[in-house]
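# Breakdown of the fold
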Amino acid sequence: MTTSTAEPPTAHLSLQQSLQGAVKRCAAAGLRMSHQRRLVLELLWKEREHLSARDIFEKINAREKRSIGQTSVYQNLETLQKFGIIECLERSGGRLYSYRTDSHSHLICSVTGRIQDLDVQLPEDLLADIEARTGYRITGFTMQLVGAPLQEPSKPANP
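Computed from a predicted model, the values in this text were never measured in an experiment.

### Let's talk about the packing of aromatic side chains
This structure, assessed with the given rule, holds one aromatic pair. Taking NZ or CZ as reference, R48 lies 4.8 Å from the ring centre of Y99, over its face.

The structure is reproduced here in structure tokens:
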């Protein structure tokens with residue numbers, strides 16, 4: 001039986017997923033923790049969403065008294081993604097960035113395009129069947145699921 005959880009894993013964040021862990025991975029990779037880089041990391045961990053570079057730029061500048069430049073945002077995102085500190089998803093509308101880099105799957109809403117992280121466990125017999133058919137030992141996997149909401153989102157009442 002396939003099990004999944006759709007809620008963010010806030011209660012059981014491993015060091016790999018924590019902001020502190022990201023800062024440590026930056027240090028281990030020899031990356032300087034500039035003010036701008038910290039702003040980008042903090043926003044990704046706070047939002048827990050898949051955001052475009054433009055979204056990140058706008059959210060940081062809306063929240064901070066001191067602005068961050070677009071070039072700085074793009075350069076930091078590219079560097080953080082290159083060193084495996086953050087996730088980057090290639091989408092038809094551009095790249096989206098997220099705080100998670102552990103093995104996980106995604107559910108994409110066909111109505112809104114919103115991406116939700118999923119932690120999915122596949123049954124051992126299914127993995128064994130795939131290994132037998134392919135001749136490969138399965139060491140990890142990600143799935144991309146697409147779906148529409150089962151129920152219409154509730155609409156706010158008119159004031």
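Additional details are given in the paragraphs that follow.
### Points about the packing of helix α2 (residues 35-47) against helix α3 (residues 53-63)
For any two helices packed against each other, the geometry is given by the interaxial angle and the distance between the axes. Here α2 crosses α3 at 100 degrees, and the two axes come no closer than 10 Å. Classified by the interaxial angle, the pair formed by α2 and α3 is roughly perpendicular. In this structure, α2 uses L39, V40, E42, L43, L44, K46 and E47 to contact α3, whose residues at the interface are I56, K59, I60 and R63.

### Comments concerning the nonpolar core
Grouped together as the largest cluster of nonpolar side chains are 23 residues, with contacts concentrated most on V40, L41, L44, I56, L77, I86 and Y97. Tallying contributions element by element places α2 first for this core, with six residues. The contacts of L44, once residues within four sequence positions are left out, are L51, I56, L77, I86, Y97, S98 and Y99.

### Concerning the pattern of salt bridges
Enumeration over the complete set of coordinates arrives at 10 salt bridges. Notably, a salt bridge pairs E42 with R38, separated by 3.8 Å at the nearest N-O pair. In this pair, E42 and R38 are both assigned in helix α2, four residues apart and thus about one turn of the helix distant. Accessibility expressed as a relative area gives 28% for E42, which makes it partly exposed. Note on R38: relative accessible area 33%, which makes it partly exposed. Residue E49 pairs with R114 through a salt bridge whose shortest N-O separation is 3.1 Å. With E49 in the loop between α2 and α3 and R114 in the loop between β4 (105-109) and β5 (115-121), the pair connects residues that are 65 residues apart, well separated along the chain. Three or more residues joined by partner-sharing salt bridges are found here, namely K46, E47 and K59.

### A short note on helix α1 (residues 19-28)
Taken together, the buried positions of α1 are occupied by G21, A22, R25 and C26. Along α1, the residues classed as buried sweep out an arc of 145 degrees about the axis, all on the same side. Those residues of α1 that are exposed and angled more than 90 degrees off the buried face are Q20, A27 and A28. Buried-residue contacts for α1 involve α2 and α4 (70-82). Once α1 finishes, G30 follows within two positions and takes phi at roughly 80 degrees, a positive value.

### Structural notes on the pairing of β5
Sheet analysis places β4 next to β5, joined by four bridges and oriented antiparallel. By the bridge assignment, I108 is partnered in β5 with I115. Linking β4 back to β5 in an antiparallel pair, the connection comprises five residues, with G113 at a positive phi of about 80 degrees.

### Considerations on the environment of S52
Along the polypeptide, S52 turns up in the loop between α2 and α3. Classification of S52 as buried rests on a relative accessible area of 19%. Separated by 43 residues in sequence, S52 and R95 have C-alpha atoms that sit 6.0 Å apart. In contact with S52, not counting residues within four places along its chain, are R95 and L96. At 3.0 Å, the side chain of S52 and the backbone nitrogen of D55 are in polar contact.

So, how was this worked out
- Residues numbered from 1 in each chain as written.
- Predicted model: local features only at pLDDT ≥ 70, side-chain atom pairs only at ≥ 80, totals over all residues.
- Heavy atoms only, no water.
- Phe/Tyr/Trp six-rings, centres within 6.5 Å; stacked < 30°, edge-to-face > 60°.
- Lys NZ or Arg CZ within 6 Å of the ring centre and 35° of its normal.
- Axes fitted to C-alpha atoms, helices over the stretch in contact; angles between N-to-C directions.
- Helix = DSSP H or I, 4+ residues; strand = E, 2+ residues; numbered from the N terminus.
- Parallel < 35°, antiparallel > 145°, perpendicular 65-115°, else oblique.
- Contact = heavy atoms within 4.5 Å.
- Core = buried A, V, L, I, M, F, W, Y, C linked by side-chain atoms within 4.5 Å.
- Buried < 20%, exposed > 50% of the residue type's maximum accessible area, 1.4 Å probe, protein only.
- Salt bridge = Lys/Arg side-chain N within 4 Å of Asp/Glu carboxyl O.
- Arc of directions from axis to C-beta.
- Pairing = 2+ DSSP bridges.
- Polar contact = N/O pair within 3.5 Å; in protein donor to acceptor, adjacent residues only side chain to side chain.

Worth remembering: the numbers are spatial, not functional.
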